[in-house]
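Close look at the chain arrangement
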Amino acid sequence: MGAKNHRRSARAGRPPMSSPGRPSVGRREHRQRFWVAIAQGLSSEDAGRAAGVSPVVGCRWFREGGGMPSFRLAPLAGRYLSFAEREEVAILHAQRLGVRAIARRLQRSASTISRELRRNAATRSGGLEYRATVAQWHADRRARRPKVAKLTANDELRRYVQERLAGTLTSDDGTRVPGPEVRWKSRRQGPRKDRRWATSWSPEQIANRLQVDFPADASMRLSHEAIYQALYVPSRGALRREFTSYLRTGRTLRVPRARTRVHGKKFVSPESKLNQRPSEVTDRKVPGHWEGDLILGLGSSAIGTLVERTTRFTLLLHLPRMDNHGQPRVKNGPALAGHGADAVRSAIASSLTPLPKPMRRTLTWDQGAEMAQHARLRADTGLSIYFCDPRSPWQRGTNENTNGLLRQYFPKGTDLSRYSREQLATVAAALNNRPRRTLGWKTPSEALNTHLCSLKLGGVATTA
């Protein structure tokens with residue numbers, strides 16, 4: 001006979017097991033709160049904070065889940081012990097209360113408490129120490145019931161889905177047409193990059209076509225949601241995540257519906273939205289109200305444009321690339337292309353500060369990231385800054401019209417970084433000395449000078 005095992009953990013009532021590793025970050029209720037926040041449209045970082053974990057953990061949970069909450073995160077039934085009850089059990093057990101006394105305190109069955117202390121105890125030290133966090137970890141791990149995906153178990157169904165989702169294109173004579181060669185990068189391809197060619201049926205088309213092609217075979221049935229889960233949830237293991245590149249959106253992570261309805265940048269406060277702009281801006285009778293934007297060129301080059309609404313006077317902002325452009329960008333460092341928030345703020349301030357204060361009333365811009373430092377710009381120039389609604393360029397129509405005129409000198413697809421500050425000033429002078437119908441065939445320079453003279457006669461000094 002072998003030696004008798006005196007370890008209390010050997011008599012814990014559960015078979016020996018290898019170490020399952022350390023407990024995961026966050027408990028079940030943390031993940032539940034996280035996915036509830038995601039469903040409300042919050043970002044992964046904000047949802048992590050709302051759930052009580054770090055933003056990094058929130059991003060990891062969203063990526064591991066493919067943007068989809070697990071069905072295992074449904075609320076537990078009342079017959080299961082909660083984490084709060086396990087904490088109470090741990091406290092009472094440390095006070096050396098008996099099983100029946102603990103059960104009376106929690107209004108639970110004594111057998112439930114006895115089983116809890118035996119099955120979910122921490123046995124690494126050889127004893128039967130009970131800690132609530134370890135007990136909750138054991139309970140969550142034991143409650144997992146991974147269900148085999150239908151696409152994993154049915155080979156014929158999986159081949160059918162793969163052929164219609166990621167099948168190759170063929171010509172009329174059956175010759176294979178591969179299309180462009182695109183390497184899988186585990187992330188969404190940009191809208192202006194090549195996409196893989198495939199048959200690319202949508203999951204909804206595949207799910208409904210199954211009923212047409214196999215009307216009498218009940219095993220060849222699948223919902224479109226099951227296909228999406230097989231694509232986006234890596235743990236399902238039915239379809240490779242690489243197949244997401246054949247979807248029309250090309251998304252590698254599923255985007256919650258509520259998040260798609262959240263538009264606009266975080267730096268846009270309610271008081272800086274367009275509906276809060278003074279009514280005097282609309283009638284164009286008072287000068288000093290500006291509209292601005294960037295025109296982009298080849299290699300992420302850019303030129304900033306500022307247009308005064310009343311006189312149509314135009315200023316061009318020189319935004320040269322930084323010296324380290326083309327090198328790997330430092331994390332949280334400046335935008336090396338030259339049109340980051342700091343560069344744009346500095347260019348606007350240097351262009352408008354020489355004007356008298358009455359000519360610096362408001363500035364209207366779109367919700368581009370280049371205006372993230374608008375609060376500092378307001379302090380530097382005295383401008384009240386307002387932002388248009390997302391995807392609403394007509395709300396700064398004067399600037400859009402001017403950008404169209406500037407494309408005569410700076411066509412799309414050309415490198416805008418090769419132009420010097422003096423060259424931009426020359427082009428701006430050309431526009432400002434063209435007569436305009438809306439100004440009674442005066443030029444923008446003449447209209448601006450008229451306003452500046454009136455300000456000077458009224459006792460306002462000008463440096464323009």
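An account of the accompanying structure is given in this report. (Residues numbered from 1 in each chain as written. Predicted model: local features only at pLDDT ≥ 70, side-chain atom pairs only at ≥ 80, totals over all residues. Heavy atoms only, no water.)

Compared with the 20 Å implied by 1.5 Å per residue over 14 residues, the 20 Å span of helix α18 (residues 444–457) between its first and last C-alpha is a close match. All of the buried residues in α18 are Pro444, Ser445, Ala447, Leu448, Leu452 and Leu455. Viewed end-on, α18 has its buried residues packed into an arc of 165°, placing them on one side of the element. Of the surrounding elements, those touching the buried residues of α18 are α17 (421–432). (Helix = DSSP H or I, 4+ residues; strand = E, 2+ residues; numbered from the N terminus. Expected span 1.5 Å × (residues − 1). Buried < 20%, exposed > 50% of the residue type's maximum accessible area, 1.4 Å probe, protein only. Arc of directions from axis to C-beta. Contact = heavy atoms within 4.5 Å.)

Looking at the element boundaries, Arg345 is found in helix α14 (residues 341–352). At a separation of 3.0 Å, a polar atom in the side chain of Arg345 contacts the side chain of Asp342. Reaching out from Arg345, the side chain makes a polar contact with the side chain of Asp380 at a distance of 3.2 Å. (Polar contact = N/O pair within 3.5 Å; in protein donor to acceptor, adjacent residues only side chain to side chain.)

What follows deals with the pairing of strand β5 (residues 314–317). Along any regular strand the residues' side chains alternate between the sheet's two faces. Judged by which residues are buried, β5 turns out to be covered on both faces: Thr314 and Leu316 on one side and Leu315 and Leu317 on the other are all buried. Here strand β4 (residues 302–308) pairs with β5 via four bridges, running antiparallel. From the neighbouring strand, Gly304 faces β5, where its bridge partner is Leu317. Where β4 hands over to β5, the hairpin turn is made up of five residues, of which Arg312 adopts a positive phi near 65°. (Pairing = 2+ DSSP bridges.)

The next point concerns the pattern of salt bridges. Inspection of the entire model under this criterion finds 18 salt bridges. With a shortest N-O distance of 2.8 Å, Arg158 and Asp155 are connected by a salt bridge. Separated by three residues within a single helix, Arg158 and Asp155 lie in helix α9 (residues 155–166), roughly one turn from each other. Taking relative accessible area as the criterion, Arg158 reaches 22% and is therefore assigned partly exposed. Among the residues examined, Asp155 registers a relative accessible area of 40% and is labelled partly exposed. Between Arg196 and Glu242 there is a salt bridge, with the nearest N and O atoms lying 2.6 Å from each other. With Arg196 in the loop between β2 (176–177) and α10 (203–213) and Glu242 in the loop between α11 (224–232) and α12 (257–260), this pair connects stretches of sequence that are 46 residues apart. On the basis of relative accessible area, Arg196 is assigned to the buried category, the value being 18%. A network of salt bridges, in which partner residues are shared, links Asp293, Asp366, Arg396 and Glu400. (Salt bridge = Lys/Arg side-chain N within 4 Å of Asp/Glu carboxyl O.)

Attention now goes to the packing of aromatic side chains. The description of two aromatic rings rests on the distance between their centres and on the angle between their planes. What the rule picks out here adds up to seven aromatic pairs. With a centroid separation of 5.9 Å and an interplanar angle of 55°, the aromatic rings of Phe243 and Tyr246 are classed as tilted. Looking at Phe243, the relative accessible area reads 6%, which means it is buried. Ring geometry for Phe410 and Tyr419: centres 5.0 Å apart, planes at 70°, overall edge-to-face. Taking the relative accessible area as the measure of exposure, Tyr419 reaches 15% and is therefore buried. Taken together, the ring pairs connect Phe34, Trp35, Trp61 and Phe62 into an aromatic cluster. A cation over a ring is seen here: Arg164 above Tyr160, with NZ or CZ 3.7 Å from the ring centre. Here Arg254 stacks its cationic end above the ring of Tyr228, 4.9 Å away from the centre of that ring. (Phe/Tyr/Trp six-rings, centres within 6.5 Å; stacked < 30°, edge-to-face > 60°. Lys NZ or Arg CZ within 6 Å of the ring centre and 35° of its normal.)

With that settled, consider unusual backbone geometry. Backbone geometry at Arg96 places phi at a positive 65°, although glycine is not the residue there. Exposure remark for Arg96: the relative accessible area of 78% places this residue in the exposed category. For Ser200, which is not glycine, the phi dihedral falls at a positive 55°. Here Ser200 lies in the loop between β2 and α10.

Fair warning: the whole summary comes from geometry, so function is off the table for now.
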